[in-house]
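# Structural overview for review
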Amino acid sequence: MSVLLKNIKQLLQVHDNNVTIVKGEAMKILPIIENAYLYIEHDTIIEYGEMKYCEGIEAETVIDATGKIVLPSWCDSHTHLVYAGNRTSDFVDRINGLSYEEIANKGGGILNSAKILQKTNEEDLYNQAMKRLDELISMGTGAVEIKTGYGLTVAAELKMLRVIKRIKLESLAKIIPTLLAAHAIPEAYKADKNNYIELIINDLIPKAKALNIAHYIDVFCEKGYFDLKDTEQILSAAQQFDLRPKLHVNQFNSFGGVALGVKYKAISVDHLEQLNSNDIDALKASHTIPVALPGCSYFLGIPYTPARKLIDAGLPLAIATDYNPGTAPSGNMNFVVSAACINLKMTPEEAINAATINGAYAMGISNMYGSITRGKKANLIITKPLNHYKEIPYAFGHNPIDSVVINGQFKAIKNPEANFRIS
Ligand code: NIG
Ligand code: FE
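Predicted, not measured: the structure shown is a model, and the values here were computed from it. (Residues numbered from 1 in each chain as written. Chains lettered and ligands numbered in written order. Predicted model: local features only at pLDDT ≥ 70, side-chain atom pairs only at ≥ 80, totals over all residues. Heavy atoms only, no water.)

## Brief notes about the overall build of the protein chain
Keep this limit in mind: Each helix is a run of DSSP H or I of at least 4 residues and each strand a run of E of at least 2, with the numbering of both proceeding from the N terminus. The buried label applies to any residue whose accessible area, calculated with a 1.4 Å probe on protein chains only, is under 20% of its type's maximum; exposed applies above 50%, and partly exposed to all values in between. Any two residues whose heavy atoms approach within 4.5 Å at even a single point are treated as in contact. Accessible areas in this description were obtained via Shrake-Rupley with a 1.4 Å probe; residue shielding takes into account the shown protein chains only.
Secondary structure summary: the protein chain contains 16 helices and 16 strands in total. When its C-alpha atoms are laid out on the principal axes, the protein chain stretches across 70 × 45 × 45 Å. When the 423 residues of the protein chain are sorted by exposure, 58% land in the buried category. At a minimum sequence separation of 6, the contacts of the protein chain that also span at least 24 residues come to 73%. Accessible area for the protein chain stands at about 16,300 Å²; split by element, carbon and sulfur atoms hold 52% of it.

## Structural notes on the coordination of the iron ion (ligand 2)
Let me state the cut-off plainly: With water omitted from the atoms examined, metal sites may look incomplete; donors here are N, O and S atoms no farther than 2.8 Å from the metal, or 3.2 Å in the case of Na, K and Ca.
Distances from the iron ion (ligand 2) to its protein donors, namely His-78 (NE2), His-80 (NE2), His-248 (NE2) and Asp-322 (OD), fall within the range 2.1 to 2.2 Å. Here the donor residues for the iron ion (ligand 2) map to a single chain with the spacing H-x1-H-x167-H-x73-D. Placement of His-80 in the loop between strand S6 (74–76) and helix H1 (88–95) and of His-248 in strand S10 (residues 244–249) is noted, with a sequence separation of 168 residues between them.

## With respect to the domain arrangement of the protein chain
Spelled out, the test is: Note: domain ranges come from an automatic or database domain assignment. Throughout, buried area stands for the accessible area (probe radius 1.4 Å) lost by two parts on being put together, summed over both. Only one rule defines a salt bridge in this text: a Lys or Arg side-chain nitrogen within 4 Å of an Asp or Glu carboxyl oxygen.
Examined at the domain level, the protein chain breaks down into domain 1 (2–72 + 371–422) and domain 2 (75–361). Taken over C-alpha atoms, the centre of domain 1 sits 29 Å from the centre of domain 2. At the interface, 33 residues of domain 1 touch 32 residues of domain 2. Summing both sides of the interface, domain 1 and domain 2 together bury roughly 2,700 Å²; the carbon and sulfur share of this comes to 67%. Taken as a group, Met-27, Pro-393 and Ile-406 account for 24% of the area that domain 1 buries against domain 2, more than any other trio of residues on that side. Summed over the shared surface of domain 1 and domain 2, the result is one salt bridge.

## Quick notes on the pairing of strand S11 (residues 268–271)
Rule in force here: Between any two strands, at least two bridges found by DSSP are needed for them to pair. Here the term right-handed applies to a crossover when the path leading from its first strand over the helix to its second strand runs clockwise, the strands being oriented away from the viewer.
Bridging between S10 and S11 involves four bridges; their strand directions are parallel. Residue pairing for S11: Lys-246 is matched across the bridge by Ser-268. As for the winding sense of the linkage, the β-α-β connection from S10 through helix H8 (residues 257–263) to S11 is right-handed. Across three bridges, S11 lies against strand S12 (residues 289–292) in parallel orientation. Within S12, the residue paired with Ser-268 across the bridge is Ile-289. At this point the chain moves from S11, through helix H9 (residues 277–284), to the parallel S12, and the crossover so formed is right-handed.

## A closer look at the sheet that holds S12
To summarise the sheet geometry, strands pair through backbone hydrogen bonds and adopt either a parallel or an antiparallel arrangement. The line we're drawing: The angle between two axes is taken between their N-to-C directions and runs from 0 to 180 degrees, where each axis is a line fitted to C-alpha atoms and a helix contributes only its stretch in contact.
One open sheet holds the eight strands; their spatial order is S6-S7-S8-S9-S10-S11-S12-S13, and the pairing between them is parallel. The open sheet terminates on both sides in strands that have one partner only, identified here as S6 and strand S13 (318–319). Contacts from helix H7 (residues 228–240) reach strand S8 (174–182), strand S9 (216–221) and S10, with the element oriented near 175° to S9.

## Examining H9
Short version of the rule: Read the arc as the range of directions from the helix axis to the C-beta atoms. Side-chain atoms alone can form a polar contact between residues adjacent in sequence; in general such a contact is a pair of N or O atoms within 3.5 Å, and within protein one must be able to donate a hydrogen while the other accepts it.
Considered for burial, the residues of H9 that qualify are Asp-279, Ile-280, Ala-282 and Leu-283. All buried residues of H9 lie within an arc of 160° about the axis, which places them on one face of the element. Seen from the buried face of H9, the exposed residues on the opposite side, beyond 90 degrees, are Ser-277, Asn-278 and Lys-284. The opening residue of H9, the one whose side-chain oxygen lies 3.0 Å from the backbone nitrogen of Asn-278, is Asn-276.

## Thoughts on a nonpolar patch on the surface
This is how the line gets drawn: Residues enter patches when they are more than 30% accessible in relative terms and free of salt bridges; like-charged ones are connected within 9 Å and nonpolar ones (Val, Leu, Ile, Met, Phe, Trp, Tyr) within 5 Å.
A grouping of Phe-91, Val-92 and Ile-95 is seen on the molecular surface, where their side chains present a nonpolar patch of about 280 Å² in accessible area. Topologically, Ile-95 is positioned in helix H1.

## Points about the environment of Ala-184
Structurally, Ala-184 is set in the loop between S8 and helix H6 (193–211). Take Ala-184: its relative accessible area is 3%, and that puts it in the buried class. C-alpha of Ala-184 to C-alpha of Gly-224: the two residues are 40 residues apart in sequence and 8.5 Å apart in space. Apart from residues lying up to four places away in sequence, Ala-184 is in contact with Ile-110, Leu-111, Leu-152, Tyr-196, Tyr-225 and Phe-226.

## Section: the side chain of Glu-349
Here is the rule we go by: A positive count includes Lys and Arg, and a negative count includes Asp and Glu. His and the chain ends are not counted in either.
Looking at where Glu-349 falls in the secondary structure, it is placed in helix H13 (residues 348–355). Although Glu-349 lies buried, it forms no salt bridge, and the closest oppositely charged side chain, Lys-390, sits 4.2 Å away as judged by the N-O distance.

As structure tokens, then:
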């Protein structure tokens, strides 16, 4: 199957060389071609350029993208989209003044989500998650990391992994699974969390590895959850099984989680709402990418990750949704890109870099996703007619998307008849 998109108003994030990350000053640059064409075959980007060079290119399907902007799909590198039920009662408790910690202590929080998930059967869990994923795809996301972490027993964590595997096999989106068994200390282990850590290390990790689904390990490294010693124990065991860290650190407190992540060669360290100069220094000497989650700060009313400090220190930055029932019940990357501009003071170019190529890097897939580059996967957003790409973050809360291409397949979002003028 071959498709030619022509008369594209602006083709964004075009790299002739296979760039896999952008850092610091370079994040201000978003390479674009005005009045462009893009040619794809099956699931692969084959060619692109200015319209004046399009003559003679033939394709089975030709789509006129006059007035529209085309860019790589969003790469959402941090989600917990497999969950059961919701946490609207936590939401209302917070409106009434309770903190995340107080809500968790009164029986809400992660443990409550785990209770519901443990009782939910695999089929139901799969159906709930697939529905969410389809919605994300329609909002422009083409690659998604999905964590476990609402199981908190060996059986329920493995159930989550199997659900993620099924999603990976059945969705057109690129799925990256992460094992987050150390998300909270289960009620049964409250008196001795070491027994839970031992269970993760001696039982769950080997079983998870045998399923060959997850390539990453995550730990919620935070006061009241897993401290530095716990986190190191888990990371060092996971290392033996080739599970690379991708960590929750510095959400509420900064106490060395970033440096620990760097020590264990984490691919990413996520949250960073609390950040000090030691954290920045640790990141400077690493290949670990920091990830900001503005939807979580927005929803909880906690500080935003100091993106300017990170980028101005020459570091890369990715942004992601953190889609989960407790702290970010939205998987809308368009909103995250807007919030990055409005609240993190990132320019539209920085935000789009953070949500595409750098998001892909934070999942370890930026050699194949996150830019318009020959040979990369055809995962694309086609916007509604817009005057400029800056309107994507500017019109916050609006849906800029007309249609998406996912793994080479076209999906019209609304009114499929009207979306494509096929000539
Ligand atoms: O990334 N902070 C830890 N994990 C999630 C929240 C999980 C929950 O509250 O259900 C997060 O914010
Ligand atoms: Fe998270």
